[in-house]
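So you can see what is in the structure, the chains are spelled out below.
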Amino acid sequence: MRKLLIAANWKMYKTPAESAAFLTNFFPLVKDNTTAEIVLCPAMPCLPAVVEAARDESVSVGAQNMHWLSEGAYTGETSPTMLTAIGATHVLIGHSERRQYFNETDTTVNLKLKSALVHSLIPIVCVGEHLNERERNLTADVLNLQVSVALEGIDPASLGPLVIAYEPVWAIGTGRTATPEIAEGAHKIIRARIASIAGSDVANATRILYGGSVKPDNAGKLCCLGDIDGALVGGASLDPASFAQIIANATSR
Ligand code: PEP
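Heads up: these notes are all about the structure in this document.

Definitions and limits used
- Residues numbered from 1 in each chain as written.
- Predicted model: local features only at pLDDT ≥ 70, side-chain atom pairs only at ≥ 80, totals over all residues.
- Heavy atoms only, no water.
- Near = heavy atom within 4 Å.
- Polar contact = N/O pair within 3.5 Å; in protein donor to acceptor, adjacent residues only side chain to side chain.
- Areas by Shrake-Rupley, 256 points an atom, 1.4 Å probe, with all protein chains shown as cover.
- Nonpolar A, V, L, I, M, F, W, Y, C, P; charged D, E, K, R; others polar.
- Pairing = 2+ DSSP bridges.
- Helix = DSSP H or I, 4+ residues; strand = E, 2+ residues; numbered from the N terminus.
- Axes fitted to C-alpha atoms, helices over the stretch in contact; angles between N-to-C directions.
- Contact = heavy atoms within 4.5 Å.
- Parallel < 35°, antiparallel > 145°, perpendicular 65-115°, else oblique.
- Left-handed = near helix turned anticlockwise from the far one by under 90°.
- Core = buried A, V, L, I, M, F, W, Y, C linked by side-chain atoms within 4.5 Å.
- Buried < 20%, exposed > 50% of the residue type's maximum accessible area, 1.4 Å probe, protein only.
- Phe/Tyr/Trp six-rings, centres within 6.5 Å; stacked < 30°, edge-to-face > 60°.

## Overview of the site of the ligand
Next up, step 1: Taken together, 14 residues lie near the ligand, and K11, E167, G173, S213 and G234 sit nearest.
Next up, step 2: A distance of 2.8 Å is found between an oxygen atom of the ligand and a side-chain nitrogen or oxygen belonging to K11.
Next up, step 3: In this structure, H95 approaches the ligand through a side-chain N or O atom, which is 2.9 Å from an oxygen atom.
Next up, step 4: Protein chains bury 98% of the 290 Å² of accessible surface belonging to the ligand in isolation.
Next up, step 5: The residue inventory of the shell around the ligand, partitioned by class, reads four nonpolar, eight polar and two charged.

Written out as C-alpha coordinates, the structure reads:
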(Lines give C-alpha, C1' and ligand atoms only; values in the text may rest on other atoms or scores of the structure.)
Protein backbone atom coordinates (compact mmCIF):
# COMPACT_ATOMS: atom_id res chain seq x y z
CA MET A 1 0.00 0.00 0.00
CA ARG A 2 1.38 3.41 -0.96
CA LYS A 3 0.74 6.03 1.72
CA LEU A 4 -1.00 9.14 0.43
CA LEU A 5 1.33 12.15 0.35
CA ILE A 6 0.03 15.72 0.24
CA ALA A 7 2.74 18.35 -0.20
CA ALA A 8 2.55 22.14 -0.07
CA ASN A 9 4.76 24.20 -2.35
CA TRP A 10 4.75 27.74 -0.96
CA LYS A 11 6.95 29.01 -3.80
CA MET A 12 8.29 32.54 -3.11
CA TYR A 13 5.51 33.39 -0.66
CA LYS A 14 5.48 33.87 3.13
CA THR A 15 8.00 35.57 5.41
CA PRO A 16 9.11 33.70 8.57
CA ALA A 17 6.38 35.54 10.54
CA GLU A 18 3.74 34.59 7.96
CA SER A 19 4.96 30.98 8.00
CA ALA A 20 4.66 30.90 11.80
CA ALA A 21 1.12 32.29 11.63
CA PHE A 22 0.19 29.61 9.08
CA LEU A 23 1.52 26.84 11.35
CA THR A 24 -0.35 28.11 14.41
CA ASN A 25 -3.59 27.75 12.50
CA PHE A 26 -2.68 24.64 10.51
CA PHE A 27 -1.39 22.16 13.09
CA PRO A 28 -4.67 21.93 15.05
CA LEU A 29 -6.57 21.34 11.81
CA VAL A 30 -4.51 18.24 10.91
CA LYS A 31 -3.80 16.88 14.39
CA ASP A 32 -6.05 13.84 13.84
CA ASN A 33 -4.64 12.99 10.43
CA THR A 34 -2.98 9.60 10.23
CA THR A 35 -3.89 8.71 6.67
CA ALA A 36 -1.67 11.08 4.72
CA GLU A 37 1.97 12.06 4.91
CA ILE A 38 1.94 15.86 4.98
CA VAL A 39 4.94 17.83 3.69
CA LEU A 40 5.40 21.61 3.78
CA CYS A 41 7.94 23.18 1.40
CA PRO A 42 8.52 26.78 2.47
CA ALA A 43 11.05 29.22 1.02
CA MET A 44 14.66 28.71 2.19
CA PRO A 45 14.75 31.50 4.83
CA CYS A 46 11.74 29.94 6.56
CA LEU A 47 12.97 26.35 6.50
CA PRO A 48 14.82 26.15 9.86
CA ALA A 49 11.94 27.72 11.82
CA VAL A 50 9.30 25.58 10.09
CA VAL A 51 11.37 22.43 10.76
CA GLU A 52 11.66 23.44 14.42
CA ALA A 53 7.93 24.20 14.77
CA ALA A 54 6.98 20.90 13.11
CA ARG A 55 9.27 18.80 15.29
CA ASP A 56 6.45 17.41 17.48
CA GLU A 57 3.83 17.34 14.73
CA SER A 58 3.22 14.63 12.16
CA VAL A 59 4.19 17.04 9.40
CA SER A 60 7.44 16.86 7.43
CA VAL A 61 9.33 19.76 5.91
CA GLY A 62 11.10 19.95 2.58
CA ALA A 63 12.98 22.39 0.38
CA GLN A 64 11.79 23.64 -2.99
CA ASN A 65 15.19 23.15 -4.61
CA MET A 66 18.82 22.33 -3.92
CA HIS A 67 22.20 22.07 -5.64
CA TRP A 68 23.50 18.56 -6.26
CA LEU A 69 26.93 19.16 -4.68
CA SER A 70 27.63 19.04 -0.94
CA GLU A 71 29.50 22.35 -0.94
CA GLY A 72 31.39 24.67 -3.25
CA ALA A 73 31.73 28.14 -4.73
CA TYR A 74 28.14 28.39 -6.04
CA THR A 75 26.80 31.74 -4.88
CA GLY A 76 23.15 31.70 -3.95
CA GLU A 77 22.80 27.92 -3.86
CA THR A 78 21.83 25.56 -1.02
CA SER A 79 23.38 22.11 -0.68
CA PRO A 80 21.81 18.80 0.36
CA THR A 81 24.19 18.70 3.33
CA MET A 82 22.78 22.03 4.53
CA LEU A 83 19.22 20.76 4.15
CA THR A 84 19.79 17.61 6.15
CA ALA A 85 21.73 19.58 8.78
CA ILE A 86 18.71 21.74 9.52
CA GLY A 87 16.35 18.75 9.54
CA ALA A 88 14.62 19.01 6.18
CA THR A 89 13.55 15.58 4.98
CA HIS A 90 12.17 16.18 1.48
CA VAL A 91 13.16 18.18 -1.57
CA LEU A 92 11.30 19.21 -4.72
CA ILE A 93 13.38 18.58 -7.81
CA GLY A 94 12.80 19.99 -11.30
CA HIS A 95 9.63 21.97 -10.63
CA SER A 96 8.41 23.40 -13.94
CA GLU A 97 9.07 26.95 -12.67
CA ARG A 98 12.70 25.95 -12.07
CA ARG A 99 12.85 24.50 -15.57
CA GLN A 100 11.13 27.54 -17.13
CA TYR A 101 12.85 30.42 -15.31
CA PHE A 102 16.14 28.94 -14.08
CA ASN A 103 17.18 26.73 -16.98
CA GLU A 104 16.87 23.43 -15.14
CA THR A 105 17.00 20.45 -17.46
CA ASP A 106 16.38 16.73 -17.26
CA THR A 107 20.14 16.37 -16.81
CA THR A 108 20.28 18.62 -13.73
CA VAL A 109 17.20 16.81 -12.42
CA ASN A 110 19.16 13.56 -12.72
CA LEU A 111 22.14 15.03 -10.82
CA LYS A 112 19.87 16.37 -8.09
CA LEU A 113 17.95 13.10 -7.78
CA LYS A 114 21.17 11.11 -7.39
CA SER A 115 22.37 13.59 -4.77
CA ALA A 116 19.09 13.59 -2.82
CA LEU A 117 19.18 9.78 -2.61
CA VAL A 118 22.80 9.77 -1.45
CA HIS A 119 21.96 12.36 1.24
CA SER A 120 18.81 10.51 2.37
CA LEU A 121 16.47 13.29 1.30
CA ILE A 122 13.11 12.15 -0.07
CA PRO A 123 13.03 13.47 -3.63
CA ILE A 124 9.81 14.72 -5.19
CA VAL A 125 10.70 14.86 -8.88
CA CYS A 126 8.38 17.04 -10.95
CA VAL A 127 7.54 16.14 -14.54
CA GLY A 128 4.83 17.28 -16.93
CA GLU A 129 4.04 18.39 -20.42
CA HIS A 130 3.31 21.86 -21.82
CA LEU A 131 -0.07 22.58 -23.38
CA ASN A 132 1.30 22.58 -26.95
CA GLU A 133 2.86 19.17 -26.30
CA ARG A 134 -0.45 17.76 -25.06
CA GLU A 135 -2.25 19.25 -28.06
CA ARG A 136 0.24 17.54 -30.39
CA ASN A 137 -0.26 14.18 -28.62
CA LEU A 138 3.27 14.28 -27.24
CA THR A 139 2.39 13.81 -23.57
CA ALA A 140 3.63 10.21 -23.38
CA ASP A 141 6.87 11.06 -25.23
CA VAL A 142 7.59 13.99 -22.91
CA LEU A 143 6.88 12.04 -19.72
CA ASN A 144 8.86 9.01 -20.87
CA LEU A 145 11.88 11.15 -21.69
CA GLN A 146 11.71 13.16 -18.45
CA VAL A 147 11.45 10.00 -16.33
CA SER A 148 14.13 8.13 -18.30
CA VAL A 149 16.71 10.89 -18.01
CA ALA A 150 15.84 11.54 -14.36
CA LEU A 151 16.51 7.89 -13.47
CA GLU A 152 19.56 7.40 -15.69
CA GLY A 153 22.46 5.62 -13.99
CA ILE A 154 20.61 5.15 -10.67
CA ASP A 155 20.69 1.76 -8.98
CA PRO A 156 17.04 0.60 -8.71
CA ALA A 157 17.80 -0.63 -5.17
CA SER A 158 18.28 3.00 -4.08
CA LEU A 159 14.96 4.22 -5.51
CA GLY A 160 12.78 3.23 -2.53
CA PRO A 161 12.12 6.83 -1.42
CA LEU A 162 11.36 8.14 -4.92
CA VAL A 163 8.26 10.31 -5.32
CA ILE A 164 7.21 11.70 -8.70
CA ALA A 165 4.85 14.66 -9.10
CA TYR A 166 2.98 14.76 -12.39
CA GLU A 167 2.36 18.45 -12.96
CA PRO A 168 1.02 19.31 -16.40
CA VAL A 169 2.48 22.78 -16.97
CA TRP A 170 -0.82 24.03 -18.37
CA ALA A 171 -2.52 23.30 -15.04
CA ILE A 172 -0.06 25.02 -12.70
CA GLY A 173 -1.40 28.24 -11.23
CA THR A 174 -3.94 28.52 -14.05
CA GLY A 175 -7.08 27.26 -12.34
CA ARG A 176 -7.24 24.69 -15.14
CA THR A 177 -7.10 21.22 -13.61
CA ALA A 178 -6.50 17.91 -15.34
CA THR A 179 -9.52 15.65 -15.09
CA PRO A 180 -8.95 12.64 -12.84
CA GLU A 181 -8.90 10.51 -16.01
CA ILE A 182 -6.18 12.65 -17.65
CA ALA A 183 -4.10 12.54 -14.48
CA GLU A 184 -4.63 8.80 -14.05
CA GLY A 185 -3.59 8.19 -17.67
CA ALA A 186 -0.38 10.19 -17.21
CA HIS A 187 0.38 8.42 -13.93
CA LYS A 188 0.04 5.03 -15.64
CA ILE A 189 2.51 6.14 -18.33
CA ILE A 190 4.98 7.27 -15.65
CA ARG A 191 4.60 4.09 -13.61
CA ALA A 192 5.08 1.91 -16.67
CA ARG A 193 8.27 3.78 -17.57
CA ILE A 194 9.63 3.38 -14.04
CA ALA A 195 8.82 -0.34 -14.27
CA SER A 196 10.69 -0.70 -17.55
CA ILE A 197 13.76 1.04 -16.10
CA ALA A 198 13.82 -0.13 -12.49
CA GLY A 199 11.43 -3.08 -12.32
CA SER A 200 7.84 -3.45 -11.23
CA ASP A 201 8.57 -3.60 -7.49
CA VAL A 202 10.11 -0.11 -7.60
CA ALA A 203 7.32 1.16 -9.87
CA ASN A 204 4.60 -0.18 -7.60
CA ALA A 205 6.23 1.37 -4.54
CA THR A 206 6.76 4.80 -6.12
CA ARG A 207 4.23 7.41 -5.11
CA ILE A 208 3.04 9.53 -8.01
CA LEU A 209 1.38 12.79 -6.97
CA TYR A 210 -0.80 15.02 -9.10
CA GLY A 211 -0.13 18.78 -9.13
CA GLY A 212 -1.88 21.59 -10.95
CA SER A 213 -4.60 23.80 -9.46
CA VAL A 214 -5.58 21.30 -6.77
CA LYS A 215 -8.24 22.92 -4.56
CA PRO A 216 -10.50 21.67 -1.76
CA ASP A 217 -13.32 21.01 -4.20
CA ASN A 218 -11.35 18.83 -6.63
CA ALA A 219 -8.91 17.08 -4.26
CA GLY A 220 -11.29 14.24 -3.38
CA LYS A 221 -12.03 13.37 -7.02
CA LEU A 222 -8.37 13.60 -8.08
CA CYS A 223 -7.09 11.43 -5.27
CA CYS A 224 -9.76 8.74 -5.62
CA LEU A 225 -8.08 6.89 -8.49
CA GLY A 226 -5.69 4.01 -7.87
CA ASP A 227 -2.62 5.44 -9.58
CA ILE A 228 -2.87 8.88 -7.91
CA ASP A 229 -1.03 8.76 -4.59
CA GLY A 230 -1.54 12.31 -3.42
CA ALA A 231 -1.07 15.90 -4.50
CA LEU A 232 1.47 18.68 -4.80
CA VAL A 233 -0.39 21.89 -4.04
CA GLY A 234 0.77 25.42 -4.81
CA GLY A 235 -1.66 28.34 -4.47
CA ALA A 236 -4.26 26.54 -2.37
CA SER A 237 -1.64 25.49 0.18
CA LEU A 238 -0.96 29.07 1.26
CA ASP A 239 -4.08 29.23 3.38
CA PRO A 240 -4.17 26.82 6.35
CA ALA A 241 -7.90 26.11 6.16
CA SER A 242 -7.78 25.49 2.43
CA PHE A 243 -4.75 23.18 2.65
CA ALA A 244 -6.24 21.28 5.61
CA GLN A 245 -9.50 20.86 3.67
CA ILE A 246 -7.57 19.46 0.70
CA ILE A 247 -5.98 16.91 3.03
CA ALA A 248 -9.36 16.04 4.56
CA ASN A 249 -11.01 15.63 1.17
CA ALA A 250 -8.14 13.63 -0.30
CA THR A 251 -8.01 11.27 2.65
CA SER A 252 -11.75 10.61 2.62
CA ARG A 253 -11.40 9.00 -0.81
C1 PEP B 1 2.83 23.82 -7.91
O2 PEP B 1 3.40 24.87 -7.69
O3 PEP B 1 3.47 22.76 -7.85
C4 PEP B 1 1.41 23.84 -8.22
C5 PEP B 1 0.82 22.71 -8.54
O6 PEP B 1 0.79 25.05 -8.17
P7 PEP B 1 -0.82 25.31 -8.18
O8 PEP B 1 -1.44 24.34 -7.22
O9 PEP B 1 -0.97 26.73 -7.77
O10 PEP B 1 -1.28 25.05 -9.59
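## Side note on the sheet that holds strand β2 (residues 36–41)
Next up, step 1: Pairing in this closed barrel of eight strands is parallel, and the strands run β1-β2-β3-β4-β5-β6-β7-β8 around the ring. Here the average twist between neighbouring strands, direction ignored, is 25°.
Next up, step 2: Here six bridges tie strand β1 (residues 4–9) to β2, and the two strands are oriented parallel to one another. Residue pairing across strands places A8 opposite L40, the latter belonging to β2.
Next up, step 3: Against the sheet, helix α1 (residues 16–29) makes contact with β2 and β3 (59–63), and its axis sits at roughly 175° relative to β2, the strand it touches most.

## Remarks on the packing of helix α5 (residues 106–118) against helix α7 (residues 139–151)
Next up, step 1: Direction vectors running N to C along α5 and α7 enclose 40°, while the axes themselves pass 7 Å from each other. Judged on the interaxial angle alone, α7 and α5 are oblique. Of the two possible hands of crossing, α5 and α7 adopt the one that is right-handed. In contact with D106, T107, V109, N110 and L113 of α5, α7 contributes L145, Q146, V149, A150 and L151.

## So, the nonpolar core
Next up, step 1: One finds I6, F26, L40 and F243 to be the most contacted residues of the largest nonpolar core, which totals 66 residues.
Next up, step 2: In contact with L40, other than residues within four places in its own chain, are A8, W10, F22, L23, F26, V50, V59, S60, V61, G62 and F243.
Next up, step 3: Counting residues in each nonpolar core, the second largest holds 11 residues, with A7, C126, L209 and L232 among its members.

## Considering the packing of aromatic side chains
Next up, step 1: Applying the stated criterion to the full structure yields five aromatic pairs.
Next up, step 2: Centroid distance F26 to F27: 6.4 Å. Interplanar angle 50°. Geometry classified as tilted.
Next up, step 3: For F26, a relative accessible area of 0% corresponds to the buried category.
Next up, step 4: Judged by relative accessible area, which is 10%, F27 ranks as buried.
Next up, step 5: Here the aromatic rings of Y166 and Y210 are separated by 6.3 Å at their centres, their planes lie at 55°, and the arrangement is tilted. One end of the pair, Y166, is in strand β6 (residues 163–166); the other, Y210, is in strand β7 (residues 207–211), and 44 residues separate them in sequence. In terms of burial, Y166 and Y210 fall into one category: buried.
Next up, step 6: Site record: aromatic cluster; members linked through ring pairs are W10, F22, F26, F27 and F243.

## Describing unusual backbone geometry
Next up, step 1: Even without being glycine, K14 reaches a positive phi, approximately 80°.
Next up, step 2: Within the fold, K14 resides in the loop between β1 and α1.
Next up, step 3: Although it is not a glycine, N103 sits at a positive phi angle of roughly 60°.
Next up, step 4: Within the secondary structure, N103 sits in the loop between α4 (96–101) and α5.
Next up, step 5: Under the relative-accessibility criterion, N103 is labelled exposed at 63%.

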